[in-house]
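Structural description and commentary
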Amino acid sequence: MSTRLTTEQIERYSRQIMVPDLGGAAQMHLRAARVLVIGAGGLGSPAAFYLAAAGIGTLGIVDPDKVELSNLQRQILHRTADIGRQKVDSAKAALTELNPDVEVKTYPVRFDDSNAADIAAEYRFIVDGSDNFDTKFLVNDTAIKLGIAFSHAGIVRLQGQTMTVIPGKSACYRCLFKAPPPPEEILNCQASGILGAVAGTLGTIQATEAIKYLAGFETGLLTDRLLVYDAKNMKFRDVDVKRDPNCASCGDKASRS
Ligand SMILES: [Zn+2]
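Residues numbered from 1 in each chain as written. Predicted model: local features only at pLDDT ≥ 70, side-chain atom pairs only at ≥ 80, totals over all residues. Heavy atoms only, no water.

1. Here we look at the sheet that holds strand β7 (residues 225-230)
Sheet architecture is open: 8 strands sit in the order β3-β2-β1-β4-β5-β6-β7-β8, paired in mixed fashion. With partners counted over all chains shown, the strands left at the sheet margins are β3 (103-107) and β8 (235-240), one partner each. If you compare each strand with its neighbour and ignore which way they point, the axes differ by 15 degrees on average. Pairing of strand β1 (residues 34-38) with strand β4 (residues 125-128) involves 4 bridges; the strand directions are parallel. Residue pairing in the sheet places Ile38 in a bridge with Asp128 of β4. Across the face of the sheet, helix α4 (residues 44-53) comes into contact with β1, β2 (58-62) and β4 while running at roughly 165 degrees to β2. Across the sheet, helix α7 (residues 133-146) lies against β1, β4, β5 (149-156) and β6 (159-165), angled at about 170 degrees from β5, the strand it touches most. (Pairing = 2+ DSSP bridges. Helix = DSSP H or I, 4+ residues; strand = E, 2+ residues; numbered from the N terminus. Axes fitted to C-alpha atoms, helices over the stretch in contact; angles between N-to-C directions. Contact = heavy atoms within 4.5 Å.)

2. Focus on the coordination of the zinc ion
Surrounding the zinc ion are the protein donor atoms Cys172 (SG), Cys175 (SG), Cys247 (SG) and Cys250 (SG), which sit 2.3 Å from the metal. The coordination sphere of the zinc ion comprises 4 donor atoms, whose angles at the metal cover 94 to 118 degrees; the geometry is tetrahedral. In the primary structure, the donors to the zinc ion are separated according to the pattern C-x2-C-x71-C-x2-C. Here Cys175 is found in helix α8 (residues 173-177), whereas its partner Cys247 is found in the segment after β8, with 72 residues between them in sequence. We classify Cys247 as buried; its relative accessible area is 4%. (Donors = N, O, S within 2.8 Å, 3.2 Å for Na, K, Ca; no water. Tetrahedral: all angles 85-135°; square planar, octahedral: opposite > 155°, others 65-115°. Buried < 20%, exposed > 50% of the residue type's maximum accessible area, 1.4 Å probe, protein only.)

3. Describing the packing of α4 against helix α5 (residues 87-98)
Two quantities define a packed helix pair, namely the angle between the axes and the distance from one axis to the other. The N-to-C vectors of α4 and α5 enclose an angle of 30 degrees; their axes lie 9 Å apart at closest approach. For the element pair α4 / α5, the angle class is roughly parallel. Crossing geometry of α4 relative to α5 is assigned as right-handed. Along the contact surface, α4 presents Ala48, Phe49, Ala52 and Ala53, while α5 presents Ala94, Leu95 and Leu98. Across the contact of α4 with α5, the residue classes break down as 7 nonpolar, no polar and no charged. (Parallel < 35°, antiparallel > 145°, perpendicular 65-115°, else oblique. Left-handed = near helix turned anticlockwise from the far one by under 90°. Nonpolar A, V, L, I, M, F, W, Y, C, P; charged D, E, K, R; others polar.)

4. With respect to the packing of aromatic side chains
As enumerated under the stated definition, the model contains 5 aromatic pairs in all. Consider the rings of Tyr107 and Tyr123, whose centres lie 6.5 Å apart with planes at 75 degrees: the pair is edge-to-face. You can see Tyr107 sitting in strand β3 and its partner Tyr123 sitting in the loop between α6 (116-120) and β4, a full 16 residues away along the chain. Taken as a pair, Tyr107 and Tyr123 share a single burial class, namely buried. With 4.8 Å between their ring centres and 55 degrees between their planes, Phe137 and Tyr173 make a pair best called tilted. Of the two residues, Phe137 sits in helix α7 while Tyr173 sits in helix α8, which places them 36 residues apart along the sequence. By the burial criterion, Phe137 is buried, and Tyr173 matches it. Aromatic rings pair up to connect Phe137, Tyr173 and Phe177 into one cluster. The aromatic ring of Tyr123 is capped on one face by Arg34, whose charged end is 5.2 Å from the ring centroid. (Phe/Tyr/Trp six-rings, centres within 6.5 Å; stacked < 30°, edge-to-face > 60°. Lys NZ or Arg CZ within 6 Å of the ring centre and 35° of its normal.)

5. Describing the nonpolar core
Residues Val35, Leu51, Leu59, Ile61 and Leu95 are the most contacted members of the largest nonpolar core, which totals 31 residues. The set of elements that each furnish at least two residues to this core consists of β1, α4, β2, α5, β4 and α10 (196-215). Sequence-distant contacts of Leu51, that is, excluding residues within four places in its chain, are made with Val35, Val37, Ile56, Leu59, Val127, Ala207, Ala210 and Ile211. In terms of nonpolar packing, the next biggest core, distinct from the first, is built from 28 residues, Ile119, Ile144, Phe150 and Cys172 among them. (Core = buried A, V, L, I, M, F, W, Y, C linked by side-chain atoms within 4.5 Å.)

6. Focus on the confidence of the model for the chain
Confidence along the chain averages 95 in pLDDT terms, with 96% of residues attaining 70 or more. Mean pLDDT across the elements of the chain ranges from a minimum in helix α9 (residues 189-192), with 69, to a maximum in β1, with 99. (pLDDT = per-residue confidence, 0-100.)

7. Here we look at the pattern of salt bridges
In the structure shown here, the tally under the stated rule is 8 salt bridges. Note that Glu122 is salt-bridged to Arg34, the shortest N-O span being 3.1 Å. Of the two residues, Glu122 is situated in the loop between α6 and β4 and Arg34 in strand β1; the sequence distance between them amounts to 88 residues. Glu122 sits in the partly exposed class, given a relative accessible area of 35%. Residues Asp141 and Arg174 are paired through a salt bridge, measuring 2.6 Å at the closest nitrogen-oxygen approach. Of this pair, Asp141 sits in helix α7 while Arg174 sits in helix α8, and the two are 33 residues apart along the sequence. What makes Asp141 partly exposed here is its relative accessible area of 21%. The structure contains a network of salt bridges with shared partners spanning Arg34, Lys105 and Glu122. (Salt bridge = Lys/Arg side-chain N within 4 Å of Asp/Glu carboxyl O.)

In structure tokens form, the structure reads like this:
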């Protein structure tokens, strides 16, 4: 890979290169960066679009599902004509059409214990756009073990929450939530509904955090606090999160084997 941006790249990314906190050096970092997006759904779609548009060099997309009609209200990577197609394939087509500079790697599998470490190890940042607690805890524990920063997000109905985790530096998802809730307490999109634009807001925040981290921002990340979005009353609030020394994932006695 050349050590300079091409004339075309400079033009494509000019509006973000102009931003004083970013600039050409940050653009080079983004071009060299590898980001894994778990789920090509309501969160992963806007996140992947903005990451591709911003010139992230390599995007990995993990999703075992095929596009369904009821996905299209929020999963904006996919079109009506994509119904029945593997989500990772329609995601790759949409992202490559937007920005052919980006290499898109596809994993048409469920991110689970058998493959999590192998897939994640190739990446420097993970956007967790999964829709279930088991995967969210697995993403957290895998990222902590491998030392990969990630963005958590969850959405339901007209609410969302998000937090960025930097292993070894900030509180993790398990510091906050300990373990998945019992099944009877779980609200998910399928059972409870979700407004597409709410997913879009949260996924876009996740992309912003990924770009800031990869561009080298050392302060201002959404670490040690959970951002809670209440779209019904159009309010955002921060909840402080402290690192738990007894956390089963990142605590002092946690096994990292
Ligand atoms: Zn922890």
